[in-house]
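Remarks on the overall topology
Each chain, letter by letter, is given below.
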Amino acid sequence: MSLLRTLCGLPLVAACMGAACDTVRSDADAAANASFPVPKLIAHRGGTADRPENTLVAIEAALARQVDMMWLSVQLSADGEPVLYRPASLGALTNGSGRVADWSAAALAQLNAGWNFAETGPGGIKHYPYRSRPVGIPTLRDALRAIPVDIPVVLDMKSTPAEPLTVAVAQLLTAENAWGRVLIYSTDAEFQRTFAAWPRARLFESRDATRNRLVGATLGQTCGALPASGAWAGFELRRNVEVVEQFTLGEGRSAVRAVFWTKDSVRCYREKTRANLVAFGVNDIAAYCEAKRLGLDAVMVDSPKEMAGIRAQVMQDPARCNN
């Protein structure tokens, strides 16, 4: 659970960040919002709900659903090769153990990245289809070559220290002539510094900067210094947070389901510049329609299979998002 510290009183916080943040739209609002295009689909980890995440089979399946962008997790192997994997432990998803950094890229390719990928069958019984047809951990080079050049790729930096991974990724993007099709993201702000040494790097705004701007726009009606035009910013549409109020005799805490992307926060980004805004964790038609009503550019989805169907419904009947 995230921790947000604020000087606002708890009644104001509850009003700003709780269920009351859901805006009651007028007929005029609905008509105006119908003009926004449908948000693009970004396959989260290649489509983590449909196939073993960050694998070539996930990428292939997501492309078959005509996703607009690909989001991939990157770590560094023992021999300095950028590879696609997310958790800290190989045991979380594979039949291996230890860290990615302990294995060579060739050895990682021999592990089964689909070992713990489960599907639920009749009667709620889980089965593991990829235990009999293993899929390895791919290199970033393999992934870039498998993805059409007109599909933008977001690389989520997942291992530290930042410097070695940055250098390895930058050298690979240069060798593959791929800088123009790639965006860089990380929850670790250190990557903002390390990639600054590479002028061709296009980075998402840091997560800290995005969070502070969204909270400021929603609670304090402030925006702060805007990013450059064309910048990318992403955050969850909603997220469980804990608001902490500090006072002389201690502190008070309130757990809330916070709404981060609102008309005010979108306006903050769009009044004086043109930013590309992405909502994370959009996995049903209600969230997709909310992103469309706000005019967000793209949504990160876990199941391209399901969300491609929802996108098709909304494109065929935009009024579905006015309910």
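Predicted model, so just to flag it, every value in this text is computed and none were measured. (Residues numbered from 1 in each chain as written. Predicted model: local features only at pLDDT ≥ 70, side-chain atom pairs only at ≥ 80, totals over all residues. Heavy atoms only, no water.)

**Here we look at the overall build of the protein chain**
Looking only at helices and strands, one finds 11 helices and 13 strands in the protein chain. Long-range contacts, defined here as pairs at least 24 residues apart, represent 64% of the contacts in the protein chain between residues at least 6 apart. Summing over all exposed atoms, the protein chain offers an accessible surface of approximately 15100 Å²; the carbon and sulfur share of this is 52%. (Helix = DSSP H or I, 4+ residues; strand = E, 2+ residues; numbered from the N terminus. Contact = heavy atoms within 4.5 Å. Areas by Shrake-Rupley, 256 points an atom, 1.4 Å probe, with all protein chains shown as cover.)

**A closer look at the pairing of strand β11 (residues 250–259)**
Sheet analysis places strand β10 (residues 238–247) next to β11, joined by 10 bridges and oriented antiparallel. Paired with N240 across the bridge in β11 is R257. (Pairing = 2+ DSSP bridges.)

**Considering a positive patch on the surface**
Residues R51, R65, R133 and K305 make up a contiguous surface patch of positive charge. By the element assignment, K305 lies in helix α11 (residues 304–316). (Patch = residues over 30% accessible without salt bridge, like charges linked within 9 Å, V, L, I, M, F, W, Y side chains within 5 Å. Salt bridge = Lys/Arg side-chain N within 4 Å of Asp/Glu carboxyl O. Lys, Arg positive; Asp, Glu negative; His and termini not counted. Charge placed at Lys NZ, Arg CZ, Asp CG, Glu CD.)

**As for the packing of aromatic side chains**
In the structure shown here, the tally under the stated rule is 11 aromatic pairs. Arranged with centres 5.5 Å apart and planes meeting at 90°, the rings of Y185 and F204 form a pair that is edge-to-face. On the criterion of sequence distance, the pair formed by Y185 in strand β8 (residues 182–185) and F204 in the loop between α7 (190–195) and α8 (207–220) is long-range, its members being 19 residues apart. In this structure, Y185 and F204 share a single accessibility class: buried. One Lys or Arg, R131, reaches over the ring of W115 and ends 4.4 Å from the middle of that ring. Its guanidinium or amino end placed over the ring of Y128, R131 lies 4.1 Å from that ring's centre, counting from NZ or CZ. (Phe/Tyr/Trp six-rings, centres within 6.5 Å; stacked < 30°, edge-to-face > 60°. Buried < 20%, exposed > 50% of the residue type's maximum accessible area, 1.4 Å probe, protein only. Lys NZ or Arg CZ within 6 Å of the ring centre and 35° of its normal.)

**Re the side chain of N112**
Position of N112 relative to the elements: it lies in the loop between α4 (105–110) and β5 (119–120). For N112, a relative accessible area of 3% puts it in the buried group. Of note is the side chain of N112, whose polar atom sits 2.8 Å from the backbone oxygen of Y130. From its side chain, N112 meets the backbone nitrogen of V135 in a polar contact 3.2 Å long. (Polar contact = N/O pair within 3.5 Å; in protein donor to acceptor, adjacent residues only side chain to side chain.)

**A look at the packing of α8 against helix α9 (residues 263–270)**
Remark: α8 packs on α9, axes separated minimally by 8 Å, with the N-to-C direction vectors making an angle of 120°. As summarised for this structure, α8 and α9 are arranged oblique, according to the angle between their axes. Like other packed secondary-structure pairs, α8 and α9 cross with a definite hand, here right-handed. From α8, T210, R213, L214, A217 and T218 reach across to α9, where they touch D264, S265, C268 and Y269. (Axes fitted to C-alpha atoms, helices over the stretch in contact; angles between N-to-C directions. Parallel < 35°, antiparallel > 145°, perpendicular 65-115°, else oblique. Left-handed = near helix turned anticlockwise from the far one by under 90°.)

**Thoughts on the pattern of salt bridges**
One pass over the full model with this rule turns up 20 salt bridges. Of the charged contacts in the structure, one is a salt bridge between D156 and K158, with a shortest N-O distance of 3.5 Å. A relative accessible area of 6% places D156 in the buried class. Each of the salt bridges in this network shares a partner with another, and the network as a whole consists of E81, R141, R145 and E176.

**A few points about the packing of helix α10 (residues 285–294) against α11**
Orientation of α10 relative to α11, taken along the N-to-C sense of each, is 55°, at an axis distance of 10 Å. With respect to α11, the element α10 is oriented oblique. For the element pair α10 and α11, the recorded crossing hand is right-handed. Residues I285, Y288, C289 and K292 of α10 form the contact with α11, whose own contacting residues are M307, I310, R311, Q313 and V314. The residue inventory of the contact of α10 with α11, partitioned by class, reads 6 nonpolar, 1 polar and 2 charged. (Nonpolar A, V, L, I, M, F, W, Y, C, P; charged D, E, K, R; others polar.)

**Describing the nonpolar core**
Ranked by size, the top nonpolar core spans 32 residues in total, and within it L237, W261, L277, V282, Y288, L296 and V299 carry the most contacts. Ignoring anything within four residues of it in the chain, the contact list for V282 reads L237, A287, Y288, V299, M300, V301 and M307. (Core = buried A, V, L, I, M, F, W, Y, C linked by side-chain atoms within 4.5 Å.)

**So, the state of the cysteines**
Counted under the stated rule, the structure contains 2 disulfides. Between the sulfur atoms of C223 and its disulfide partner C268 the distance amounts to 1.8 Å. With the S-S dihedral at roughly 90°, the linkage between C223 and C268 falls on the right-handed side. With C223 in the loop between α8 and β9 (232–236) and C268 in helix α9, this pair connects stretches of sequence that are 45 residues apart. Look at C223 and you get partly exposed, because its relative accessible area is 24%. Taking only the cysteines that form disulfides and numbering them from first to last, the protein chain has the pattern 1-2, 3-4. (Disulfide = S-S within 2.5 Å.)

Don't take any of this as a statement about function, it's just geometry.
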